[in-house]
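Take a look at the letters that make up each chain.
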Amino acid sequence: MIRIGTRKSKLALWQAHKVQEELSALGQASELVLIESEGDKVLDTPLPLMGGKGVFTKALDDALVAGKIDIAVHSHKDIPTDLPEGITLCSVMERGNPFDVLVVRENTDFLNDEDYAGLIATSSNRRKSQWIDRYEKHSTCDIRGNVQTRIKKLRESNWDGAIFAAAGLERLNLDHEIAMVLDWMVPAPAQGAVAIVCREDDKTTTTICKGFHHKETALCTGIERDFLNRLNGGCSAPIGAYAKVEDGILKLHALVMDPEGEIKIEVKLEKDALLAHDLGLEAAEHALKRGAKDIIDKLPKEKRLH
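Residues numbered from 1 in each chain as written. Predicted model: local features only at pLDDT ≥ 70, side-chain atom pairs only at ≥ 80, totals over all residues. Heavy atoms only, no water.

(A) How the structure looks around the overall build of the chain. A count of helical and extended segments in the chain gives 11 helices and 13 strands. Taken over the C-alpha trace, the chain has a radius of gyration of 19 Å; the compact-globule value for 306 residues is 19 Å, and the two agree within 12%. When its C-alpha atoms are laid out on the principal axes, the chain stretches across 60 × 45 × 40 Å. The proportion of buried residues among the 306 residues of the chain is 52%. Partitioning the intrachain contacts of the chain with sequence separation of at least 6 by distance along the chain shows that 69% fall at a separation of at least 24. As displayed, the chain offers around 14,500 Å² of accessible surface, 47% of which is attributable to carbon and sulfur atoms. If you average the places of the 41 positive and of the 49 negative side-chain charges in the chain, the two averages end up 3 Å apart. (Helix = DSSP H or I, 4+ residues; strand = E, 2+ residues; numbered from the N terminus. Rg over C-alpha atoms; globule rule 2.2 N^0.38 Å. Buried < 20%, exposed > 50% of the residue type's maximum accessible area, 1.4 Å probe, protein only. Contact = heavy atoms within 4.5 Å. Areas by Shrake-Rupley, 256 points an atom, 1.4 Å probe, with all protein chains shown as cover. Lys, Arg positive; Asp, Glu negative; His and termini not counted. Charge placed at Lys NZ, Arg CZ, Asp CG, Glu CD.)

(B) Representation of the side chain of glutamine 15. Topologically, glutamine 15 is positioned in helix 1 (residues 10–25). Overall, the relative accessible area of 3% leaves glutamine 15 in the buried class. Within the structure, the side chain of glutamine 15 is placed 2.8 Å from the side chain of serine 75, a separation counted as a polar contact. (Polar contact = N/O pair within 3.5 Å; in protein donor to acceptor, adjacent residues only side chain to side chain.)

(C) Looking closely at the pattern of salt bridges. Under the defined criterion, the tally for this structure stands at 17 salt bridges. Here glutamate 106 and arginine 105 are joined by a salt bridge, their closest N and O atoms 3.5 Å apart. Accessibility expressed as a relative area gives 62% for glutamate 106, which makes it exposed. As a salt-bridge pair, aspartate 297 and lysine 293 come within 2.7 Å of each other at their nearest N and O atoms. (Salt bridge = Lys/Arg side-chain N within 4 Å of Asp/Glu carboxyl O.)

(D) Inspection of the sheet that holds strand 11 (residues 239–246) at higher detail. If you walk across this open sheet you meet the 3 strands as 11-12-13, and the pairing is antiparallel. Sheet topology places strand 11 and strand 13 (264–272) at the edges, where each strand pairs with a single neighbour. Neighbour-to-neighbour, the strand axes of the sheet open up by a mean angle of 10°, direction not taken into account. Across the sheet, helix 5 (residues 125–134) touches strand 11, strand 12 (249–257) and strand 13, and the angle it forms with strand 12 is around 85°. (Pairing = 2+ DSSP bridges. Axes fitted to C-alpha atoms, helices over the stretch in contact; angles between N-to-C directions.)

(E) Broad picture of the sheet that holds strand 3 (residues 71–75). With mixed pairing, 5 strands are arranged side by side in an open sheet as 2-1-3-10-4. Each having just a single partner strand, strand 2 (30–34) and strand 4 (87–92) make up the two edges of the open sheet. Averaged over all pairs of adjacent strands, the angle between strand axes in this sheet comes to 35°, irrespective of strand direction. With 2 bridges connecting them, strand 1 (residues 2–6) and strand 3 associate as parallel partners. When the bridges of strand 3 are listed, isoleucine 4 appears paired with isoleucine 71.

(F) Local environment of the pairing of strand 13. For strand 12 and strand 13, the ladder comprises 9 bridges, and the chain directions are antiparallel. Note on strand 13: the bridge partner recorded for isoleucine 249 is aspartate 272.

(G) Broad picture of the packing of helix 9 (residues 215–230) against helix 10 (residues 279–289). Here helix 9 crosses helix 10 at 35°, and the two axes come no closer than 7 Å. Handedness of the crossing formed by helix 9 with helix 10: right-handed. Mapping the contact onto sequence places Ile223, Asp226, Phe227 and Arg230 in helix 9 and Leu279, Gly280, Leu281, Ala283, Ala284, Glu285, Ala287 and Leu288 in helix 10. (Left-handed = near helix turned anticlockwise from the far one by under 90°.)

(H) Expanded view of the confidence of the model for the chain. Per-residue pLDDT for the chain averages 90, and the proportion of residues at 70 or more is 90%. Across the chain, element-level confidence peaks in strand 5 (residues 100–104) with a mean pLDDT of 98 and bottoms out in helix 3 (residues 47–50) with 46. (pLDDT = per-residue confidence, 0-100.)

(I) Spatial organisation of the environment of lysine 8. Its place among the elements puts lysine 8 in the loop between strand 1 and helix 1. Between the alpha carbons of lysine 8 and aspartate 297 there is a distance of 35 Å; along the sequence they are 289 residues apart.

(J) Just helix 10, in detail. Considered for burial, the residues of helix 10 that qualify are Leu279, Gly280, Ala283, Ala284 and Ala287. For helix 10, the buried positions fall inside an angular range of 140° around the axis, keeping them on one side. Close packing links the buried residues of helix 10 with helix 9, strand 12, strand 13 and helix 11 (292–297). (Arc of directions from axis to C-beta.)

Listed below in structure tokens is the structure:
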């Protein structure tokens, strides 16, 4: 019996049930173990001040190390690029929709008025900087909570819209809320993918989880996360990276911006997919030569979780 650690949100449970289905297809029994993360408990503090993405993963990682669960299921983009000691990434599932989308309070007409000072809700510096770069007259405000809570907050607000990950809305059958796919916005590294971690010394579980490991998704998300890791970009860094394979060619579009959207460093590279494993690091070197470190060094330092 494999014990699957998961957060309690509807989206986290969707991901955990998906893993359960994959395990069942392999003839493997499993059970869910519900664990509350710090990010689920505290909803009035910006993520970088709480400890970045680790606020969603640390409680599960602690349970894993303590032997209370056998695997933990995460949104891949929530996993810090440096995994805790003793934990390894054992499976990356086939990616869903990687893009960001706009959900609106009323309609998208406000986007057609160049002089309108729109107000968009997002707590992501990456989304914020790209939005302001495109819509200079607009401003943004913070929003926290699970998907359903954020949609409710939007409905009750004076905001014009809020930005979400497409995959989250689609997995919760909320695609009808999508007013516009922001395919011009470079996604967060590994956005749309689900990842499973387990203990390094648990070879049996690792082998089982390899049964639903998607190699192309793992390659692309690994390259994106290499870009993020090399730049030392935490949760608050306005860094985007998206890799895809087309006709055997891996194409990477990476981006570093300052939170105000005033400085933009864009890198586009492509290489034979069989030879592309270091493309994220290569793109990071290009970005560093063009001043990416200066942008990241000026960001407020994230609190570290211990």
